[in-house]
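Remarks on the overall topology
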Amino acid sequence: MAKRVAETPTDYERPYRPLPVALLNAAGRAARRVGASGKLDVDSMVAKARRRTGLSSFGDEWFMEPLSVLVRSINEEADLTLLGRMIQRRRIEGALATRLRVEELLRQRPEIREIELGQIVVIAGLQRTGTTTLHRLIASHPEMRAVEAWEGLNPLPLPREEPGDPHARIRQALIAERAIAYLAPAFFAVHPAEHDAPEEDVLLLDVSFMSQSAEATMHVPAYSRWLEDQDHTRAYEEFRALLQVLHWQRPRRHWVLKTPHHMEYLDVVLEVFPTATVVRTHRDPLKSVPSFCSMVAHGRGLFSDRVDPREIGAHWFAKTCRLVERTARVREAADPRRFVDVSYVDLVGDPMAVLGKVYERAGIPFGPDARKAAERTASRNVQHRYGRHVYEPESFGLSREVIEHEMAAYRKRHGIPRE
């Protein structure tokens, strides 16, 4: 008899809480009722990062504006639990510490800025369209480099960590992985956030405080609106510098990047990485849209007791339409030879053929060793290994008719089949 696969919960408004976490958050609510503000403070986090690193210079402090907008939005809109505030404070302090340490490293080793990153493959597809599967398959190539989860969290060696031995960073990432599994056991069925696997390089954009991560994990509409109106060139230039820092530590011939964030600012991506090959993944929007809304709902439940599925549906469906529109507009003005389209159905059905198409367009050899590495990766990353992700658009105030209507041109343009 086949073993029944566990399914993800759909009661998004009542996030799972281990008892110790529930008690901690209750203590936080009680403290706020008697006057404790619980607010994040930019100055105190900056001071903490300076004490933690023993460094003082950030160089150009242009990032203070996005940081201030983000923190204000968190304080006024996100309604975080005590644990949520603790985690976000630690994340921001960690990003500030990274900025200080990168500034010092590049001051000492300016030649890092001259490192060539080789051929770059950018996976710029909508959420839940097979991007993680494709990313891991491409990253398995012996000559390809990706941002792994442990180095996305800590791009530079930690103090007292020996060069070439990142065990301390890997251990910290493993602790973070186990913490997510404890706080939200179902989340891995939605997204396998493994500490030693390739992860979204939006983690590096977090260091500039200009990424979609915040709105994907918290209710921060003011920050989201502000972010959409900004020029992201400076953030992507810093992103490239961080890739050079990672390449300096662990070089390969080529890079593969992946995050839906790249879709929104694809014009900047093409400017900062002028020879990149862009891979566009496509899947039935009736599957991908509610799937991502469910992912956001599960993620927000880590940080807040107030999870509004209908607000998530409205925000992220509008964002999805924006991503599709902006990407199409940029693509129309760009060299068509820089793009390759990948169907989710094809990726699931014949991943090796899809890889061959991507590598051919990027001009990267796909020899026997690369094929064997990809086959090994495919055998490990089987569907539903952490459980079955279940979702319905109606849970998020969306209807199949509305999704179909708004995404009809996108479906027609790329010949996207219904699943």
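Residues take numbers from 1 onward in each chain, read along the sequence in its written order. Given that the model is predicted, a residue must reach a pLDDT of at least 70 before its local features are reported, and side-chain atom pairs must reach 80 or more before they are shown or counted; all residues, however, enter totals for whole chains, interfaces and linings. Working from all heavy atoms in the structure, the side-chain values ignore hydrogens and water.

What to know about the packing of helix 2 (residues 42-53) against helix 4 (residues 82-108)
Using the following cut-off: Think of each axis as a best-fit line through the C-alpha atoms, taken over the contacting stretch in the case of a helix, with angles from 0 to 180 degrees between the N-to-C directions. Numbering goes from the N terminus for both helices and strands, where a helix is a DSSP run of H or I of at least four residues and a strand is a run of E of at least two. Small angles under 35 degrees read as roughly parallel and large ones over 145 as roughly antiparallel, with 65 to 115 read as roughly perpendicular and the rest as oblique. The handedness criterion is simple: a crossing whose near helix is rotated anticlockwise from the far helix by less than a right angle is left-handed, and one whose near helix is rotated clockwise is right-handed. The contact definition used throughout considers only heavy atoms, calling two residues in contact when any of these lie within 4.5 Å.
Across the interface, helix 2 lies against helix 4 with an axial gap of 8 Å and an inter-helix angle of 55°. Considering their axes alone, helix 2 and helix 4 lie oblique with respect to each other. In the crossing of helix 2 with helix 4, the sense of the turn from one axis to the other is right-handed. The residues of helix 4 that touch helix 2, namely those facing Met45, Val46, Lys48, Ala49, Arg50, Arg52 and Thr53, are Arg89, Ile92, Glu93, Gly94, Leu96, Ala97, Leu100 and Arg101.

Topic: the pattern of salt bridges
Between side chains of opposite charge, pairing is possible as soon as their charged atoms come close. Stated precisely, the cut-off is as follows: One speaks of a salt bridge when a side-chain nitrogen belonging to Lys or Arg is within 4 Å of a carboxyl oxygen belonging to Asp or Glu. The buried label goes to any residue with under 20% of its type's maximum accessible area, the exposed label to any with over 50%, and the partly exposed label to all in between, with areas taken from a 1.4 Å probe on protein chains only.
Summed over the entire model, instances satisfying the criterion amount to 33 salt bridges. Close ionic contact of Arg300 with Glu311 constitutes a salt bridge, the shortest N to O distance being 2.7 Å. Remark: Glu311 occurs in helix 16 (residues 309-333) and Arg300 occurs in helix 15 (residues 285-300); sequence separation between them is 11 residues. For Glu392, the salt bridge identified is with Arg400, shortest N-O distance 2.7 Å. Using a relative accessible area of 39% as the deciding quantity, one classes Glu392 as partly exposed. Given a relative accessible area of 36%, Arg400 falls into the partly exposed group. Where salt bridges share partners, they join Glu215, Glu228, Glu264, Lys319 and Arg322 into one cluster.

Thoughts on helix 5 (residues 131-139)
A turn of α-helix holds 3.6 residues, and therefore any two residues three or four places apart point the same way. When you tally the buried positions in helix 5, you get 8 out of 9 residues, the bulk of the element. The set of residues buried in helix 5 consists of Thr131, Thr132, Leu134, His135, Arg136, Leu137, Ile138 and Ala139.

Describing the side chain of Thr233
As a reminder, the rule being used: For this analysis, a polar contact is any N or O atom pair within 3.5 Å, provided that within protein one partner can donate a hydrogen and the other can accept it, and provided that sequence-adjacent residues contribute only side-chain to side-chain pairs.
Examined against the element boundaries, Thr233 turns out to sit in helix 12 (residues 233-249). Exposure remark for Thr233: the relative accessible area of 16% places this residue in the buried category. Of note is the side chain of Thr233, whose polar atom sits 2.7 Å from the side chain of Asp231.

Some remarks on the sheet that holds strand 3 (residues 254-258)
Rule in force here: Whether two strands pair comes down to DSSP finding at least two bridges between them.
Strand order across the open sheet formed by 5 strands is 2-3-1-4-5, with parallel pairing between neighbours. Pairing within the sheet leaves two strands with one partner each, and these edge strands are strand 2 (144-145) and strand 5 (339-343). Relative to strand 5, strand 4 (residues 277-282) runs parallel, the two sharing 5 bridges. Paired with Val279 across the bridge in strand 5 is Val340. The strands that helix 5 touches are strand 1 (120-123), strand 2, strand 3, strand 4 and strand 5; relative to strand 3, the one it contacts most, it runs at about 170°.

Any link to function would need more than the numbers given here.
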